[in-house]
Structure formats: structure tokens, C-alpha cells
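Analysis of the macromolecular model
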Amino acid sequence: MNPVAETAEILSEAQDLKFAFLKQKSADQKRLNKLEKQFGRVAARSFSGDHQKKAGWINLYNALTCYWISKYKLQGSMLASFPIYFLPRMTIDGLKFSL
């Protein structure tokens, strides 16, 4: 699968999870685990060209944001949850990333 298409799929799944969380105020652990595995399979180093790199990383950043909103049940300002910006928490292509 095209790496950018893969990140778009992950973003779509993360957005669905976030909207379900915001509606029900609870996160589905199975879906969180599935997303975590999807992040781990992304081959970000295979993004080629500026367009693919930009699109792929924007998709991943937005998907990570949705994932952490759901996982940590964040509401209101994300700035109050500053550890997610500094602590490496998600593995993507063998490297740990935060927001």
C-alpha cells in the first residue's frame, strides 16, 4: 500500500475513535490497540518526495492527536496535557514520537 494512503487510513480510524470517545466519554481499548499496531507498521522512511513526506507526517500528527485524545480522555485544552508534547510515546518506523 502507498505509505501516504496508509497514513490517511490510520487518520480516518483515529478520527472515528476520537468522535466515538467524545460522544460516549469512553475509549474502546481494542480500537486503541489496533491503532497502536497500525502506527508501528508505518514505513515513514519510505515517504518519497516533499509532497508524500508532508502529507504523510501531517496525517500521522493528526492521527496521533486523535489517538491521545481518546486514550487519555482529554477534554478542553490540550495544552493542559503537556506531557504528550514532550514524552516519546508512539513508535513509528522504529522511532518513538510525541506530539
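Right above here is the structure, for reference.
Everything in this summary refers to the structure shown in the same document. Everything numeric in this text was worked out from a predicted model, so none of it was measured. (Residues numbered from 1 in each chain as written. Predicted model: local features only at pLDDT ≥ 70, side-chain atom pairs only at ≥ 80, totals over all residues. Heavy atoms only, no water.)

1. Some remarks on the pattern of salt bridges
To keep things clear, this is the line we draw: Salt bridges are defined by distance alone: a side-chain nitrogen of Lys or Arg within 4 Å of a carboxyl oxygen of Asp or Glu. Strands are runs of DSSP state E lasting at least two residues, helices are runs of H or I lasting at least four, and both sets are numbered from the N terminus onward. We call a residue buried when its accessible area falls under 20% of the maximum for its residue type, exposed when it is over 50%, and partly exposed in between, using a 1.4 Å probe and counting protein chains only.
In this structure the tally under the stated criterion is 2 salt bridges. Linking Arg31 and Glu13 is a salt bridge whose minimum nitrogen-to-oxygen distance equals 3.2 Å. One end of the pair, Arg31, is in helix H2 (residues 29-41); the other, Glu13, is in helix H1 (residues 3-24), and 18 residues separate them in sequence. Look at Glu13 and you get buried, because its relative accessible area is 16%. Note that Asp93 and Arg45 form a salt bridge whose closest N and O atoms lie 3.7 Å from each other.

2. With respect to the nonpolar core
Applied cut-off: Put simply, a nonpolar core is a bunch of buried Ala, Val, Leu, Ile, Met, Phe, Trp, Tyr and Cys residues held in one set by side-chain atoms that sit within 4.5 Å of each other. Residue contacts are counted whenever heavy atoms from the two residues lie within 4.5 Å of one another.
The biggest cluster of nonpolar side chains holds 24 residues, and the ones touching the most others in it are Phe39 and Ile92. Elements with a minimum of two residues in this core: H1, H2, helix H3 (49-71) and strand E1 (90-92). No other element matches the 7 residues that H3 contributes to this core. Not counting the four nearest positions on each side in its chain, Ile92 is found in contact with Phe39, Val42, Ala44, Trp57, Leu60, Leu64 and Phe97.

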